[in-house]
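Analysis of the macromolecular model
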Amino acid sequence: MSPIVISDDAQIPSRFSYLEDPDASATIDDILEQPTDQWATASEGSATLGITSSAYWLRFAIANQTDETLNLVAELAYSQLDRVTFHVMSGGGQQRVVRTGDALPFYPREIDHPNMLLRLSLAPDESKTIYARVETAGSMILPLQIWRENRFFGAASGEQKLHFFYYGALTVIILINLAVFLTLRERLYLYYALAISGYLLFFASIKGYGFQLLYPESPELHARALLVSMPLLALFSVLFCRRFLKIPSHSPKLDIAIRAMIAFEILNFICALNLSYNSAIILSSLSALLFFSLLFVAGPITWAAGVRAGAFFTLAWTPLTIGVLATAGRALGFFPENFMTEHAMQIGSGLEAFILTLALADRLYREREDKIAAQADSLLKEKARSEAQDRLTEAMTHDPVTGLPNRNRFERMVNQRLSEDPDGEYFVGVTRITRLDEINRTLGLNRSEKLVQRIARQMTEMASTLKSVHCSQDSRGQRECVFQLSGDCFGLLINCRLVNDDYQGLNLALRQLAEPLMMDNLAIELHPKFGAAHYPGHGDNAALLIRNAHVGMEITPHSKYETGLYSPQFDIYNESRLTLMSDLRDALGSNRTELHYQPKICLKTGKIAGIEALIRWHHPDRGWVFPGDFIPLAEDTGVIMQLTRWAIGRGVRDLAVLTEAHPDLTLSVNISARDLSSPDLTDQITGALQHHGVDASRLTLELTETAAMEDPECGLKALQRLADIGVGISIDDFGSGYSSLSYLKQLPATEIKLDRSIVLDVCTSDSSRVIVETSINMVHGLGYAVVAEGVETEESAELLKTLGCDRIQGFWLCHPLPLAELGHWLDEYNPPYSANLSKRSV
């Protein structure tokens, strides 16, 4: 073969002859003896001989026809050759031997470079022949190039810069995806980082930079690193592809193939650690063909299924697949050694990494946009939910008509204030518009609501002018002074310690509120009622204070603007009294109540004219219960009717006993307005009288003038029926109510009882004496007898006799006595017919 002649500064051509040594046993001497026709020629300076166990010998000659000494570098530009031995021949003899290869420790080498290099110098007109023995367990790729030394180092420096730029870019991509994985904890980015790490390990191994920089003393580790890198990059690339393309949900059949590929790559990884180099490299090459082909079709399949990432993946995987096929074909000897086959996989992987990085950035961007959109949607929903919650809260805490805060907010405000100022002094005030139902029926709901709104505004304006009215703020910063406890009831909290005008300002405001309200040219009377309860005297929490203020409102004074202050004495609604009615029913059913009797004396004759039955009740737990504690509640609950029936039955029975010794004695029993409404009252009285053989004329029924006036028409008919059977009718507590004299004239009454309130100070008050005298004369004028009750002194009795009163009763004469004691008292009472009544007083 003719030598390579160097005659100028042009690029040195590369060509060589090569000879196969099948059993790899030939020595340099054996090779020198081989005839020329046994040598094959690689005219392009490169030969790819595939995977073989043979050794190959290369032969090339170089002649220097320049005038200067040449420093040259002969390069076999494939770092995966196991053993390379250069024999430099000159002048018919061997000048030197240089051994290198990646099956040997990296150092010492003539040049610090991963490829197989030989340095030589040629004097002018000198020629040398180089024989290179090459042996490798992998692909036999023999790319020979002759360099001037300075140009080699320049080219090598430029190539290394490109390589390390490539490795740096892959490292940045790995770090970015690891950071994203650590942030999002999404395995997709971990798989991609590990796949790129596999590429990095593969190219660092196949180019020899890993051997050079990381483990130069471990050639076996260098060989295994290359073998392991291929199944690793394949495994994590498949895992990345499966998740990135969402294959399980879009292509179940493709997912089966992907799972099979994952299993195969795991097996390939195990083989890479255990099989021989040649076997492992063949398996990895086959794996690469299958795995890249599979992923090459995965992109279009998922793209067609509507996965946006499929388009990116197809675009990215195409150049990489081409690069892998070119590299594998070069390794297997199918493709020639050239720039494209040498660097195809690096170029393809760089494009793939760049495109997939853009795809992941697009995915992150879209995920971010989706998250932002989801967050925006969530915020909108949360805003809508918050607005709905606010509306619900508004509906739950404010009246829909007036917009005033309701009872719940009032209780919360009061409780909060009391907890903040436990030593303070407050009034809880309530106002009720008593005519609102009538106004609703008269004006209609719409106009009535407008009226309530006017009232709410008026009360709010009123409260804002009073420093003593405690105000709070809601979540929107609006002041809350007046609260709507119900449709017709309003409440506010008064700080007593801020009142410095003896409540004159508040009373003036109440007067204004009680004035008629003009609406549509109508002066509408509201008839408000006011009630109040005091903290801490009447309760220590909002609910109890509101309740007691309502009770106070029920005992409002007659003045139309005065406030009824709660008093336990008049509280007929307390909890203990609720159970009292149940106990009273039981007592009546088991005859555990008693009747005491108070005598009446005739002032003209001094004789006992009759007795009044008064109920007494001794409770087993509470002791004696005053009639004032249970009679009003009995009237409100209807138990009074059962009580009346019992009192009439027991009283008539006792009268029958007493008349044996006192045949002229009469009995008075109190009844209520509820009794008048009972249709069988007359029958009950008739039955009791007949059962005990008592004449009806000896029974008198007492009822108050207010009870008689409660339902005038019904009451008049009921009393007339009683009068028709001969029962006497007495109007009790005359003078304490607002009786209609025309109505009283119609009643079939036989006597009128003057209330104790006008009799009590008849001797000490001229006005009381005039009232009593006028009442007696008026009652006599109507044809009724007059009974004065509550007489407690002899002086009062003498004066009443002088004024013409017919009968008296009271403590001066006798306290109410039980039946047995009354009988003894009546037996002992035998006054002379005189005015000296004091002799018989007890």
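Our structure's up above, just so we're on the same page.
The model shown is predicted, which means the values in this text are computed figures rather than measured ones.

Some thoughts on the nonpolar core
Generally speaking, a soluble globular protein has its nonpolar side chains buried in company with each other. By size, the foremost hydrophobic cluster in this structure holds 80 residues, and its most contacted members are Phe630, Ile685, Leu701, Leu800 and Ile808. No other element matches the ten residues that helix 18 (residues 639–658) contributes to this core. Among the nonpolar cores identified, the runner-up in size contains 60 residues, and Ile173, Ala193, Ile281 and Val307 belong to it.

As for the state of the cysteines
The tally for this structure, following the rule as stated, stands at one disulfide. Paired through a disulfide, cysteine 471 and cysteine 481 show a sulfur-sulfur distance of 2.0 Å. The S-S bond linking cysteine 471 to cysteine 481 shows a torsion near 110°; that makes this disulfide right-handed. Taken as a pair, cysteine 471 in the loop between helix 13 (445–464) and strand 13 (472–473) and cysteine 481 in the loop between strand 14 (479–480) and strand 15 (483–486) lie far apart in primary sequence, ten residues in all. Unpaired in terms of disulfides, cysteine 602 finds its nearest cysteine sulfur in cysteine 805, a separation of 9.7 Å. Since its relative accessible area comes to 18%, cysteine 602 is described here as buried. On the accessibility criterion, cysteine 805 (3% relative accessible area) is buried.

Notes on the pattern of salt bridges
Oppositely charged side chains can form a pair if their charged atoms are brought close together. Within this structure, the stated rule accounts for 20 salt bridges. One salt bridge connects arginine 133 with glutamate 135, and the closest N-O pair in it is separated by 3.1 Å. Under the relative-accessibility criterion, arginine 133 is labelled buried at 14%. Several salt bridges converge on common partners, so that one network encompasses Lys600, Glu612, Glu702, Glu751, Lys753, Glu789 and Arg807.

Observations concerning the sheet that holds strand 11 (residues 139–148)
Strand order in this open sheet of four strands is 4-11-6-9, and the pairing throughout is antiparallel. Edge positions in the open sheet fall to strand 4 (46–51) and strand 9 (116–122), since each of these has one partner strand only. Strand after strand, the sheet turns through a mean of 20° between neighbouring axes, direction not considered. Docked against the sheet, helix 2 (residues 149–184) engages strand 6 (70–76), strand 9 and strand 11, running at close to 125° with respect to strand 11.

Examining the side chain of asparagine 115
With respect to the secondary-structure elements, asparagine 115 resides in the loop between strand 8 (93–100) and strand 9. For asparagine 115, a relative accessible area of 10% corresponds to the buried category. Those residues in contact with asparagine 115 that lie beyond four places of it in its chain are Glu75, Leu76, Ala77, Tyr78, Ser79 and Arg109.

Notes on the packing of aromatic side chains
Under the counting rule described, the total for this entry stands at 20 aromatic pairs. Ring geometry for phenylalanine 240 and phenylalanine 244: centres 5.1 Å apart, planes at 15°, overall stacked. With phenylalanine 240 and phenylalanine 244 both in helix 5 (residues 219–244) and four residues apart, this pair spans about one turn of that helix. Accessibility classification places phenylalanine 240 together with phenylalanine 244 in one group, the buried group. Ring centres of tyrosine 426 and tyrosine 535 lie 6.4 Å apart, and the angle between their planes is 50°; this geometry places the pair in the tilted category. Of this pair, tyrosine 426 sits in strand 12 (residues 426–433) while tyrosine 535 sits in strand 19 (residues 528–535), placing them 109 residues apart in sequence. Exposure class is identical for tyrosine 426 and tyrosine 535. Each is buried.

Reading the values: the criteria
- Residues numbered from 1 in each chain as written.
- Predicted model: local features only at pLDDT ≥ 70, side-chain atom pairs only at ≥ 80, totals over all residues.
- Heavy atoms only, no water.
- Core = buried A, V, L, I, M, F, W, Y, C linked by side-chain atoms within 4.5 Å.
- Buried < 20%, exposed > 50% of the residue type's maximum accessible area, 1.4 Å probe, protein only.
- Helix = DSSP H or I, 4+ residues; strand = E, 2+ residues; numbered from the N terminus.
- Disulfide = S-S within 2.5 Å.
- Salt bridge = Lys/Arg side-chain N within 4 Å of Asp/Glu carboxyl O.
- Pairing = 2+ DSSP bridges.
- Axes fitted to C-alpha atoms, helices over the stretch in contact; angles between N-to-C directions.
- Contact = heavy atoms within 4.5 Å.
- Phe/Tyr/Trp six-rings, centres within 6.5 Å; stacked < 30°, edge-to-face > 60°.

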